[in-house]
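Understanding the architecture of this molecule
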Amino acid sequence: MLRAALLTAFAVVATTVAADPPITSTGGMVVSVSPPATDVGVATLKAGGNAVDAAVAVAFAEAVTWPEAGNIGGGGFMLVWPGDGKEPVFIDYRETAPAKATAEMFAKGVNYQSAVTAGVPGTVRGLELAHAKFGKLKWKELVAPAVKLADGFAVTAGLAKRLNGVLTDKKTTNAEFRRVFGKVGGWKAGDVLKQPDLAKTLQAVADGGADAFYTGKVAEQIVAEMTASNGLISAADLKGYTAKVRKPVHGTYRGYDIYGPSPPSSGGIAVIEMLNMLELQDVKAHPWASVETAHLMAEVMRRAFADRAVHLGDADFVKVPTHLVSKDHAKSLMATFDPDKATRSDALAPEIDVKDGTNTTHFSIIDKSGMAVSNTYTLENSFGCRVVVRGAGFILNNEMTDFNHRPGVTTKAGGIGTLPNQIAPGKRMLSSMTPTLVAKDGKLRLVTGSPGGRTIINTVLGVIVNVIDYGADVQAAVDAPRLHHQWFPERISAEDRPGFAEFEKALKAKGHAVVKHRQGDAHSIAIDPKTGLRTAGVDKRLDGKGAGTE
Ligand code: DON
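Reading the values: rules and limits
- Residues numbered from 1 in each chain as written.
- Predicted model: local features only at pLDDT ≥ 70, side-chain atom pairs only at ≥ 80, totals over all residues.
- Heavy atoms only, no water.
- Helix = DSSP H or I, 4+ residues; strand = E, 2+ residues; numbered from the N terminus.
- Rg over C-alpha atoms; globule rule 2.2 N^0.38 Å.
- Buried < 20%, exposed > 50% of the residue type's maximum accessible area, 1.4 Å probe, protein only.
- Areas by Shrake-Rupley, 256 points an atom, 1.4 Å probe, with all protein chains shown as cover.
- Phe/Tyr/Trp six-rings, centres within 6.5 Å; stacked < 30°, edge-to-face > 60°.
- Lys NZ or Arg CZ within 6 Å of the ring centre and 35° of its normal.
- Near = heavy atom within 4 Å.
- Polar contact = N/O pair within 3.5 Å; in protein donor to acceptor, adjacent residues only side chain to side chain.
- Nonpolar A, V, L, I, M, F, W, Y, C, P; charged D, E, K, R; others polar.
- pLDDT = per-residue confidence, 0-100.
- Contact = heavy atoms within 4.5 Å.
- 1 Å grid on protein atoms, 1.4 Å probe; cavity = no way out; pocket = protein on both sides within 12 Å on 5 of 7 lines; lining within 4 Å.
- Points joined across faces, edges and corners; volume = space filled by probe spheres on them.
- Salt bridge = Lys/Arg side-chain N within 4 Å of Asp/Glu carboxyl O.
- Axes fitted to C-alpha atoms, helices over the stretch in contact; angles between N-to-C directions.
- Parallel < 35°, antiparallel > 145°, perpendicular 65-115°, else oblique.
- Left-handed = near helix turned anticlockwise from the far one by under 90°.
- Pairing = 2+ DSSP bridges.
- Core = buried A, V, L, I, M, F, W, Y, C linked by side-chain atoms within 4.5 Å.

1. Re the overall build of the chain
- Broken down by element type, the chain carries 18 helices and 19 strands.
- Its C-alpha atoms give the chain a radius of gyration of 22 Å, near enough to 24 Å, the size a compact globule of 550 residues would have.
- Out of the 550 residues belonging to the chain, those deemed buried represent 62%.
- Only carbon and sulfur atoms are counted for the fraction: they give 56% of the accessible area of the chain, which is about 19500 Å².

Have a look at this one:
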């Protein structure tokens, strides 16, 4: 019913969806942005692998088939629902700042397309840790499909367009990037991208495990690249990198359990903080796409993002207060909520003197037994810092730019200069990546997450609210038009919807600035509590494929 209502209300987003029957499975399921990677995941499940095996295989595959964000030169977060009544586990494989990094290194400006922005990559260690803890199949078998794809795969129209875009951008100056990804005359759908250097690197990782990357030949190649390109990562930084098992942050919302990534992610805390605020309101009194709900959402987002700026950073380095996710804190934040009028953002953090794509990717997996993985990983910008490690075939991240650039300088344009996320050697930069698991009465109900920088947090919030408050099926929840507010800049960014002009006008009357913007890419899975049936929420904003094993 609600799906039908959403389809009528949001005809623009929903036209393609209406024609497609839901994708369901009684067994395993994989939903990712990259069709060949989804196929690898499904094949891994069919070969007897569990959800974590499939996640490792998909992550390596996307490092080949989705080079703008899939990676071995970046980092990310994986949330595992082990099933069998066991507590969810958070695997943190976020990059770290190299030992030579300093708090002031970007204070005078930063070139995002330079090797100095690369943090110590975490992906390969993270996948190894996930596999060691949960995997069933042999590591080598999980890397093998990626090696095969690196030998050559047909690019989609979307990838061709994005490759042509990055290659024609004058800011792409790295010769190795152009050698590896360039094509005379440009790319078109169906052309075969061969990545022989990446195939060799992946084969080394398949044979030698993560050590091949962190202490072996690949490490030497990374260090040589740093010397040639003025980067900071040393052999000691690589050798010392560890992925970490952490306790996910946990909250409740209208009887559901919400599990998200704890710091260095800001996403888990922010989503729970926002849900706590929303729990005090009758959200479904107004439709999701209404002006009233947009105003409420924006006000809740504004408050959580102010707390994010004030308090959040790598908890191994700074003390993150525990009260942020408490129900009492939500009550005090909502005491100033006015249904008719936007709150001014600077009133929310008076202690701060305020003068602030396709770049990350999320996939969701469940296996037949009920073990599930919610994984988001990134190079930060699309194609990271656009520096390919010479001879190794992979792109380095520019994740260091997720640290606060100018200590002490927080701006109305959205720049944050607060202490918790200042650069320090070995520290993990604050992230917005929010792979999330939603359960009820001990049963997993939803696996979700998204790319999109700070918008990630609000994309995830929107999917959860659509499912829990509006009873939307997962595909409708993924299709629903999205909304973002991040405290500063003081404006709502909203996806297109029928009647956008009136929507914008009514929000302006409440004191909001509004911009139109596409948001996120939230490949999700919902599980029916009675039948166990899995349903895909495939996000078609970019590309995407959901498929089941049976
Ligand atoms: O970790 C973060 O929050 C960012 N590096 C993510 C970047 C991102 O999602 C850009 N994507 N579209």
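Read on for the rest.
2. Concerning the packing of aromatic side chains
- As enumerated under the stated definition, the model contains 13 aromatic pairs in all.
- Between Phe77 and Phe90 the ring centres are 5.3 Å apart and the planes differ by 75°, which places this aromatic pair in the edge-to-face class. Placement of the pair is Phe77 in strand β3 (residues 75-81) and Phe90 in strand β4 (residues 89-93), with a sequence separation of 13 residues.
- Put simply, the rings of Phe213, Tyr214, Tyr241 and Phe394 pair up and form one aromatic cluster.
- Between Arg497 and the ring centre of Phe503, over which it is positioned, the NZ or CZ distance is 4.2 Å.
- Geometry around Phe500 places Lys516 over its ring, the cationic atom sitting 4.8 Å from the centre.

3. Some remarks on the site of the ligand
- Taken together, the neighbourhood of the ligand is formed by 16 residues, with Thr360, Glu380, Glu399, Asp402 and Ser432 sitting nearest.
- Within the side chain of Arg94, one N or O atom sits 2.9 Å away from an oxygen atom of the ligand.
- Between the ligand and the protein, one listed contact pairs an oxygen atom with a side-chain N or O atom of Thr360 at 2.5 Å.
- The protein chains hide 95% of the 340 Å² of surface that the ligand would expose on its own.
- The residue inventory of the shell around the ligand, partitioned by class, reads three nonpolar, nine polar and four charged.

4. Some remarks on the confidence of the model for the chain
- Summing up the model confidence of the chain, the mean pLDDT is 94 and the portion of residues at 70 or higher is 95%.
- Here residues 1-18 is a poorly scored stretch, pLDDT under 50, and it has 24 contacts once near neighbours within four places are set aside; other chains count.

5. Some details on empty space enclosed by the protein
- Approximately 80 Å³ is the volume attributed to the largest cavity.
- What lines the largest cavity is Ala63, Pro67, Gly70, Asn71, Ile72, Phe181, Gln195, Leu198, Leu379, Gly393, Phe394 and Ile395.

6. Remarks on unusual backbone geometry
- Cis geometry marks the peptide bond from Pro263 to Pro264, where omega comes out at 20°.
- Inspection of the secondary structure assignment puts Pro264 in the loop between β9 (256-260) and α13 (267-279).
- In the Ramachandran plot, Arg254 falls in the positive-phi region, its phi being about 50° despite a non-glycine side chain.
- For Arg254, a relative accessible area of 31% translates into the label partly exposed.
- Even without a glycine there, the phi angle at Arg386 is positive, about 60°.
- Residue position: Arg386 is located in the loop between β11 (372-378) and β12 (436-440).
- Judged by relative accessible area, which is 12%, Arg386 ranks as buried.

7. Some points on the layout of surface pockets
- Its volume calculated, the second largest pocket comes out at about 450 Å³.
- Broken down by secondary-structure element, the contributors of at least two residues to the lining of the second largest pocket are β13 (443-448), α16 (455-468), α17 (474-479) and β17 (524-527).
- The element that contributes the greatest number of residues to the lining of the second largest pocket is α16, accounting for three residues.
- The residue makeup of the lining of the second largest pocket, split by class, is 13 nonpolar, three polar and four charged.

8. Section: the pattern of salt bridges
- As enumerated under the stated definition, the model contains 32 salt bridges in all.
- The salt bridge involving Arg246 is made with Asp92; its shortest N-O contact spans 2.8 Å. Linking Arg246 in strand β7 (residues 244-246) with Asp92 in strand β4, this pair joins segments that are 154 residues apart in sequence. Considered together, Arg246 and Asp92 belong to a single accessibility category, that of buried residues.
- Between Asp328 and Lys331 there is a salt bridge, with the nearest N and O atoms lying 3.9 Å from each other. With a gap of three residues between them, Asp328 and Lys331 both fall in helix α15 (residues 327-334), about one helical turn apart. The exposure classification of Asp328 matches that of Lys331, with both residues exposed.

9. Quick notes on the packing of helix α4 (residues 51-65) against helix α9 (residues 196-208)
- Relative orientation of the contacting elements α4 and α9 amounts to 165°, with a least axis distance of 11 Å. Put simply, α4 runs roughly antiparallel to α9. For the pair α4 and α9, the crossing hand works out as right-handed. Note on element contacts: α9 touches α4 through Leu198, Leu202 and Val205, opposite Phe60, Ala63 and Val64.

10. Here's the deal with the sheet that holds strand β18 (residues 534-537)
- Reading across from one edge, β1-β18-β17-β13-β12-β9-β8 is the order of the seven strands in this open sheet, with antiparallel pairing throughout. The open sheet terminates on both sides in strands that have one partner only, identified here as β1 (24-25) and β8 (249-253).
- Most of the contacts of α13 go to β8, to which it runs at about 20°, and overall it touches β8 and β9.
- Across the face of the sheet, α16 comes into contact with β8, β9, β12, β13 and β17 while running at roughly 140° to β13.

11. Some thoughts on the environment of Val110
- Note that Val110 resides in the loop between β4 and α5 (123-134).
- On the accessibility criterion, Val110 (22% relative accessible area) is partly exposed.
- It is 23 Å that separates the C-alpha atoms of Val110 and Arg162, two residues lying 52 residues apart in sequence.
- Those residues in contact with Val110 that sit more than four places away from it in its chain are Thr117, Thr401 and His405.

12. Some remarks on the nonpolar core
- Ile258, Leu278, Met297, Ile464 and Val465 are the most contacted members of the largest nonpolar core, which has 83 residues in total.
- Looking at this core element by element, the count peaks at twelve residues for helix α14 (residues 291-311).
- By size, the runner-up hydrophobic cluster in this structure holds 82 residues, among which are Ala54, Ala115, Leu198 and Tyr377.

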